[in-house]
Amino acid sequence: HLHLPHAGRAPDLPPLQLHPHGVVLSRQYGSEGRFTFTSHTPGEHQICLHSNSTRMALFAGGKLRVHLDIQVGEHTNNYPEIAAKDKLTELQLRARQLLDQVEQIQKEQNYQRYREERFRMTSESTNQRVLWWSIAQTIILILTGIWQMRHLKSFFEAKKLV
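In the nomenclature of an unreviewed UniProt entry, the protein is known as GOLD domain-containing protein of Bubo bubo. Recorded in UniProt under Sequence similarities (unreviewed entry), the annotation for the protein is "Belongs to the EMP24/GP25L family."

And the structure:
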């Protein structure tokens, strides 16, 4: 989560909910800044950036450069630092890396299963709606045809053509 608020932000703006449990992290920087955060809960996470530059400065040729480096999964671990802290041998460190990769693969598989299940449910719901819509159209078409035939029959009988 990263929220860089505008220095002159209007007071009527509600606080941003950036975390599934309502955690809002806020940092304010000068011309440069660095912020690291590790989320331990799944869910949607948002990053909101606000410049404290005035709009006129940006339109007058000023430039605003933002670099975001977002790391997800096992790539976020600094293994040399972990090895030094836990005093791991090269083999132990490699085993930990492999375990982290296996865990990340399992998480990705679970996520893909979840997405597949959601997609299947959506597809089945859509198919069911299409089926009922076709049945309704068919019934309306048949009823309209019956009504037209009865109306034409009564019309021709009134004109004494039949």
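We are not done yet, so read on.
Caption draft 1: Seen up close, the overall build of the protein. Each helix and strand counted, the protein has 3 helices and 2 strands in total. In sequence order, the protein lays out its α and β elements as β-β-α-α-α. Here the protein, with 162 residues, has 9% of them falling under the buried criterion. Across the protein, contacts joining residues at least 24 apart in sequence account for 45% of those joining residues at least 6 apart. Total accessible area on the protein is roughly 14600 Å²; 57% of this is exposed by carbon and sulfur atoms.

Caption draft 2: Looking closely at the pattern of salt bridges. Counted according to the given criterion, the structure contains 3 salt bridges. Across the pair Arg-96 and Asp-86 runs a salt bridge whose closest N-O atoms are separated by 2.8 Å. Taken together, the residues Arg-96 in helix H3 (residues 90-158) and Asp-86 in helix H2 (residues 79-86) connect sequence positions 10 residues apart. Residue Arg-96 is classed as partly exposed on the basis of its relative accessible area of 32%.

Caption draft 3: Representation of a nonpolar patch on the surface within the structure. A cluster of nonpolar side chains, Leu-131, Trp-132, Ile-135, Ile-139, Ile-142, Leu-143 and Ile-146, forms an exposed patch at the surface whose accessible area comes to about 690 Å². With respect to the helices and strands, Ile-135 occurs in helix H3.

Caption draft 4: Geometry of the UniProt feature "transmembrane region" (unreviewed entry) in the protein. Per the UniProt entry, the sites bearing "transmembrane region" (unreviewed entry) are residues 130-149 in this numbering. Secondary structure across residues 130-149 divides into 100% helix and 0% strand, with the first and last C-alpha atoms of the span separated by 28 Å.

Caption draft 5: Highlighting unusual backbone geometry. With phi around 55°, Lys-87 is a residue other than glycine that occupies positive phi space. With respect to the helices and strands, the residue Lys-87 is situated in the loop between H2 and H3. Lys-87 sits in the exposed class, given a relative accessible area of 72%.

Caption draft 6: Structural view of H2. Along H2, the residues classified as buried are Tyr-79, Ile-82 and Ala-83. Buried positions in H2, seen along its axis, are confined to an arc of 100° and lie on one side of it. Those residues of H2 that are exposed and aimed more than 90 degrees away from the buried face are Pro-80, Glu-81, Ala-84 and Lys-85. Phi turns positive, to about 55°, at Lys-87, one or two residues after H2.

Caption draft 7: Main features of the packing of H2 against H3. At a closest axis distance of 10 Å, the pairing of H2 and H3 adopts a crossing angle of 125°. As judged from the angle between their axes, H2 and H3 are oblique. Where H2 crosses over H3, the handedness of that crossing is right-handed. Between H2 and H3, the contacting residues are Tyr-79, Ile-82, Ala-83 and Asp-86 on the first element and Leu-93, Arg-96, Gln-97 and Asp-100 on the second.

Caption draft 8: Fine view of the confidence of the model for the protein. Taken residue by residue, the protein gives an average pLDDT of 76. The fraction at 70 or more is 62%. Of all helices and strands in the protein, the one with the weakest mean pLDDT is strand S1 (residues 2-4) (40), whereas H3 scores best (93). Within the model, the stretch residues 1-17 combines pLDDT values under 50 with 44 contacts to residues more than four positions away or in other chains.

What counts, and at which threshold
- Residues numbered from 1 in each chain as written.
- Predicted model: local features only at pLDDT ≥ 70, side-chain atom pairs only at ≥ 80, totals over all residues.
- Heavy atoms only, no water.
- UniProt positions renumbered as here; feature names shortened; annotations may be inferred.
- Helix = DSSP H or I, 4+ residues; strand = E, 2+ residues; numbered from the N terminus.
- Buried < 20%, exposed > 50% of the residue type's maximum accessible area, 1.4 Å probe, protein only.
- Contact = heavy atoms within 4.5 Å.
- Areas by Shrake-Rupley, 256 points an atom, 1.4 Å probe, with all protein chains shown as cover.
- Salt bridge = Lys/Arg side-chain N within 4 Å of Asp/Glu carboxyl O.
- Patch = residues over 30% accessible without salt bridge, like charges linked within 9 Å, V, L, I, M, F, W, Y side chains within 5 Å.
- Arc of directions from axis to C-beta.
- Axes fitted to C-alpha atoms, helices over the stretch in contact; angles between N-to-C directions.
- Parallel < 35°, antiparallel > 145°, perpendicular 65-115°, else oblique.
- Left-handed = near helix turned anticlockwise from the far one by under 90°.
- pLDDT = per-residue confidence, 0-100.

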